[in-house]
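Working through the structure, step by step
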Amino acid sequence: MSGDSTSSASPARAADAPNGVPDDPIVGIDLGTTNSLVAFADAAGPRILHLDAELDPSAPDGGLVPSVVRYRGEAVEAVGRVAAAGLEDHATRTVYSVKRYMGRRFEDRADDAAASPYRVVAGSRGLAGIEIDGRVRSPEEISADLLAHLRDRASEALGVPVRRAVVTVPAYFDDAQRQATRDAGRIAGIDVVRILNEPTAAALAYGIGARGDAETIVIYDLGGGTFDVTVLEVMPAESDSDEEAIFRVLATAGDTHLGGDDFDRVLVEDLHEEAMADPDPERRARRLAVLRAVGSRAKVALSDAEATRIRLDGRGLVPDLDRTLDRPGFESAARPLVDRTLEACARALKDAGLERTAVDRVVLVGGSTRMPMIREAVESWFDRPAYVALDPDRVIALGAAVQGSILAGTRRDALLLDVIPLSLGLETAGGAVAKLVVRNTMVPTRAVEMFSTSVDGQLNVGLHVVQGEREMVSDCRSLARFELRGLPPMPAGIPQIEVAFNVDANGVLGVEAVERRSGRRARVQVVPSNGLTRDEVDRIEADSLEHARDDMLVHRVVDLAVNASLDVKWITEALDRVREDVAPDVTKAVESGLASLQSLITRAREDPRSVDPDAFHQAKDRLDRASMPVHEASIARSLRDDPSSER
Ligand code: AMP
């Protein structure tokens, strides 16, 4: 990305704005405890603006801006990623998790303040303030510095100056905290057109409220420093009306001192206690910051791996470290934390006067819900699958952007509501698509189909979920990939893999694959309508009509090639077994049949359009006829070798 992009917030660029971004867009801002994000929604739905993309466009955390600000004297020295990277070296001048102090009195946050590497003091009117280099700033001012950074980056990303935003806050925020958030926007020069509850944003991101019946939704939000559970009642908007859906908070519960940070500490609990006892305040701050980073890295690693090793060279400043941690150990040590979240769920339901069974949907929000133990515990407690299709770190910003587009009057066109706009399918061997749900099917819907393996002894099967009307994967939109792992070794074609597609009333697709014999299962969830506009759907449909004949032919050839390669494999194996039992001219005829079928397979793989399906059938027939004596000899041989098989 070129260096001159920093000067982009000038009005002159508005006319050139890509994708028809309006002159005065309303963005959605998730002003989070750990990370903040900006999103924007147009006819293709909401998308995260990749604010720090110039640093690393391919980073999986693209768009996430750490809610961290570093000061030096009067000046803001760094914001976001740069400030977060310097946290360990500038522990007393770097402010993170400032959201905890928004609109709060110092005495209500004295415990947090005591554990904080930066200095929290009683500021004006007893409200919490942060003192750095002798200057006390309010949490609003610090949040404003963050917001200004987000606004500038968003203006660059959209190519127009951003002035208006929907900003999210936790549902439990009281008036003082909401006002503090508005004030932060004002200080940053942003018109906060709405303060939106985070759980409502999460529901909006999943399309909840766009149609259908009234529902009860639970939003389970486990972030970096806090846990919130909210019970929402949703009354969808009348279709064809300009009214908005109504989201009512029935109850909230949670714990302002329970989040990913606590899970980090579980992993290094003993070291944390030692560090807290360090009498030297500078060193204590440094040790706590280092432990925070090390614990967090190990925890994130354990979401994917069964074990992880942490090693740290303390450079004489803090003690060295070398230990291996495993997931079961972590999960049992963290179980009390998980139980506390479930107890809060129980309290929230009780306050709402509802039974667990009255909950229609559960939505997972917050980076910490990536821990497998959290998803498992929540799904088992509520006895239903949770919504996880959207990135739990981004879902609130996406929903805020949806709210922004509703307020700006740029709602999504009436697309994608009651029917599936494009067919949903699975990639099969050879790159063809097996369509499980065809376009225009009413939602909700379910479809199941059996698949198998194409290679002997295959232990893992890659599943690729696609969308579109064409016959080959390369002409469709990729929706998700996942793996079914740990199959017992079996010959190709023997495993029975049942794949179920489930589209619910909100258009969220769940795909589950189960291998019948071993019971191994894997699943994935996606929102297929994301990134689709009416125009896109129309174009895809027109394309598929244009290519219909050609596509059918190609699909047929690909399937024939896949089946033929299994035939080639089986017949070659049989011939090897009985070569001595059959006449040389039989062997010759079979070998020539195998060679011509194999050459068709090779050609079909290179360019399926160059192969005539009838040629395949003829080659296959010839081979079948030639190999009859081989099959007979093969049966005779197995009877000879194992007479019991006669019975
Ligand atoms: P949030 O405040 O929602 O941004 O959540 C941030 C928290 O999520 C931090 O405590 C992160 O360590 C945690 N987190 C992010 N990714 C993962 C992961 N893959 N496994 C476990 N925790 C994660």
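All values reported here derive from a predicted model rather than from experimental measurement.

1. With respect to the overall build of the protein chain
- For the protein chain, the helix and strand inventory stands at 15 helices and 26 strands.
- Across its three principal directions, the C-alpha atoms of the protein chain cover 100 × 60 × 55 Å.
- Burial statistics for the protein chain: of 647 residues in total, 51% are counted as buried.
- Considering only contacts in the protein chain between residues 6 or more positions apart, those separated by 24 or more positions represent 67%.
- For the protein chain, the exposed area adds up to about 29,800 Å²; of that, 49% sits on carbon and sulfur atoms.
- When the 79 positive and 107 negative side-chain charges of the protein chain are each reduced to one mean point, those points stand 2 Å apart.

2. A word on the site of the ligand
- What surrounds the ligand is a group of 15 residues, the closest being Thr 34, Gly 224, Lys 299, Ser 303 and Arg 370.
- With respect to the ligand, the side chain of Thr 34 contributes an N or O atom lying 3.1 Å from an oxygen atom.
- At a separation of 3.1 Å, an oxygen atom of the ligand approaches a polar backbone atom of Gly 367.
- When the free accessible area of the ligand is taken as 500 Å², the share hidden by the protein chains comes to 84%.
- Tallying contributions element by element places helix α8 (residues 281–302) first for the shell around the ligand, with three residues.
- Its residues assigned to classes, the shell around the ligand comprises two nonpolar, 10 polar and three charged.
- Two domains each donate at least three residues to the shell around the ligand, and these are domain 1 (1–206 + 393–410) and domain 2 (260–334).

3. With respect to the confidence of the model for the protein chain
- Here the protein chain averages 88 in pLDDT, while 93% of its residues score no lower than 70.
- Confidence drops under pLDDT 50 across residues 1–17; counting only partners more than four residues distant or on other chains, this segment forms 15 contacts.

4. Some remarks on the pairing of strand β3 (residues 45–48)
- Taken together, the four bridges between strand β2 (residues 35–42) and β3 define a ladder with antiparallel strand orientation. Bridging across to β3, Asp 42 finds its partner in Gly 45.
- Counted between consecutive antiparallel strands, the loop separating β2 from β3 contains two residues.

5. Observations regarding the packing of aromatic side chains
- Across all of its chains, the model carries six aromatic pairs by this definition.
- Ring geometry for Tyr 96 and Tyr 118: centres 5.6 Å apart, planes at 90 degrees, overall edge-to-face. Taken together, the residues Tyr 96 in strand β7 (residues 94–96) and Tyr 118 in the loop between α2 (110–115) and β8 (119–122) connect sequence positions 22 residues apart.
- Ring geometry for Tyr 172 and Phe 173: centres 5.8 Å apart, planes at 70 degrees, overall edge-to-face.
- The exposure class assigned to Tyr 172 is partly exposed, which follows from its relative accessible area of 30%.
- The aromatic ring of Tyr 71 is capped on one face by Arg 137, whose charged end is 3.8 Å from the ring centroid.
- The lysine or arginine in question, Arg 356, covers the ring of Trp 381, its NZ or CZ lying 3.8 Å from the ring centre.

6. A few points about the sheet that holds strand β18 (residues 361–365)
- If you trace the four strands from one edge of the open sheet to the other, you get β15-β14-β13-β18, paired in mixed fashion. Only two strands of the sheet have a single partner each, and these edge strands are β15 (246–255) and β18. When the angles between neighbouring strand axes are averaged without regard to direction, this sheet yields 20 degrees.
- Across the face of the sheet, helix α9 (residues 327–352) comes into contact with β13 (215–222), β14 (227–235) and β15 while running at roughly 140 degrees to β15.

7. Concerning the pattern of salt bridges
- Summed over all chains, the structure comprises 57 salt bridges.
- Note that Arg 361 is salt-bridged to Asp 504, the shortest N-O span being 3.2 Å. Remark: Asp 504 occurs in the loop between β24 (497–503) and β25 (509–515) and Arg 361 occurs in strand β18; sequence separation between them is 143 residues.
- Exposure remark for Arg 361: the relative accessible area of 14% places this residue in the buried category.
- Of the charged contacts, one joins Arg 439 and Glu 469 as a salt bridge, the two residues approaching to 4.0 Å between their closest N and O atoms. Taken together, the positions of Arg 439 in the loop between β20 (432–437) and β21 (445–451) and Glu 469 in the loop between β22 (461–467) and β23 (477–484) put the pair 30 residues apart, joining distant regions of the chain.

8. Some details on the environment of Ala 115
- In this fold, Ala 115 is placed in helix α2.
- Note on Ala 115: relative accessible area 38%, which makes it partly exposed.
- Along the sequence, Ala 115 and Met 276 sit 161 residues apart, while their C-alpha atoms lie 8.2 Å from each other.

9. Digging into the packing of helix α6 (residues 260–267) against α9
- Across the interface, α6 lies against α9 with an axial gap of 10 Å and an inter-helix angle of 145 degrees. In the crossing of α6 with α9, the sense of the turn from one axis to the other is right-handed. In this structure, α6 uses Asp 262, Phe 263, Val 266 and Leu 267 to contact α9, whose residues at the interface are Phe 330, Ala 333, Ala 334, Leu 337 and Val 338.
- Among the residues making up the contact of α6 with α9, the classes are represented as eight nonpolar, no polar and one charged.

10. Considering the nonpolar core
- Judged by nonpolar contacts, the single largest core of 47 residues is most densely connected at Val 27, Ile 29, Val 38, Val 95, Leu 147, Leu 150 and Leu 158.
- Among the elements that line this core, the one with the most residues is helix α3 (residues 139–158), at eight residues.
- Apart from the residues lying within four places of it in its own chain, the contact partners of Ile 29 are Leu 37, Val 38, Leu 147, Leu 150, Ala 165, Val 166, Val 167, Thr 168 and Ala 400.
- Core analysis: the second largest hydrophobic core is formed by 45 residues, Ala 253, Ala 298, Val 359 and Val 362 among them.

11. A word on unusual backbone geometry
- Note that the residue after Val 443, namely Pro 444, is joined by a cis bond; omega there is -5 degrees.
- Relative to the helices and strands, Pro 444 resides in the loop between β20 and β21.
- Of note in the backbone geometry, Asp 133 takes a positive phi value of approximately 50 degrees without being a glycine.
- Looking at where Asp 133 falls in the secondary structure, it is placed in the loop between β9 (128–132) and β10 (135–137).
- Unlike most non-glycine residues, Asp 383 shows phi in positive territory, near 55 degrees.
- Here Asp 383 is to be found in the loop between α10 (372–382) and α11 (395–408).

12. What to know about the sheet that holds strand β5 (residues 68–72)
- One open sheet holds the three strands; their spatial order is β6-β5-β7, and the pairing between them is antiparallel. Each edge of the open sheet carries a strand with a single partner, namely β6 (75–79) and β7. Averaged over neighbouring strand pairs, the angle between their axes works out to 30 degrees when direction is ignored.
- Relative to β7, β5 runs antiparallel, the two sharing three bridges. Bridge assignment links Val 69 to a residue of β7, and that residue is Val 95.
- Against the sheet, α3 engages β5, β6 and β7, with an angle of about 110 degrees to β5.

Definitions and limits used
Residues numbered from 1 in each chain as written. Predicted model: local features only at pLDDT ≥ 70, side-chain atom pairs only at ≥ 80, totals over all residues. Heavy atoms only, no water. Helix = DSSP H or I, 4+ residues; strand = E, 2+ residues; numbered from the N terminus. Buried < 20%, exposed > 50% of the residue type's maximum accessible area, 1.4 Å probe, protein only. Contact = heavy atoms within 4.5 Å. Areas by Shrake-Rupley, 256 points an atom, 1.4 Å probe, with all protein chains shown as cover. Lys, Arg positive; Asp, Glu negative; His and termini not counted. Charge placed at Lys NZ, Arg CZ, Asp CG, Glu CD. Near = heavy atom within 4 Å. Polar contact = N/O pair within 3.5 Å; in protein donor to acceptor, adjacent residues only side chain to side chain. Nonpolar A, V, L, I, M, F, W, Y, C, P; charged D, E, K, R; others polar. Domains from an automatic or database assignment. pLDDT = per-residue confidence, 0-100. Pairing = 2+ DSSP bridges. Phe/Tyr/Trp six-rings, centres within 6.5 Å; stacked < 30°, edge-to-face > 60°. Lys NZ or Arg CZ within 6 Å of the ring centre and 35° of its normal. Axes fitted to C-alpha atoms, helices over the stretch in contact; angles between N-to-C directions. Salt bridge = Lys/Arg side-chain N within 4 Å of Asp/Glu carboxyl O. Left-handed = near helix turned anticlockwise from the far one by under 90°. Core = buried A, V, L, I, M, F, W, Y, C linked by side-chain atoms within 4.5 Å.

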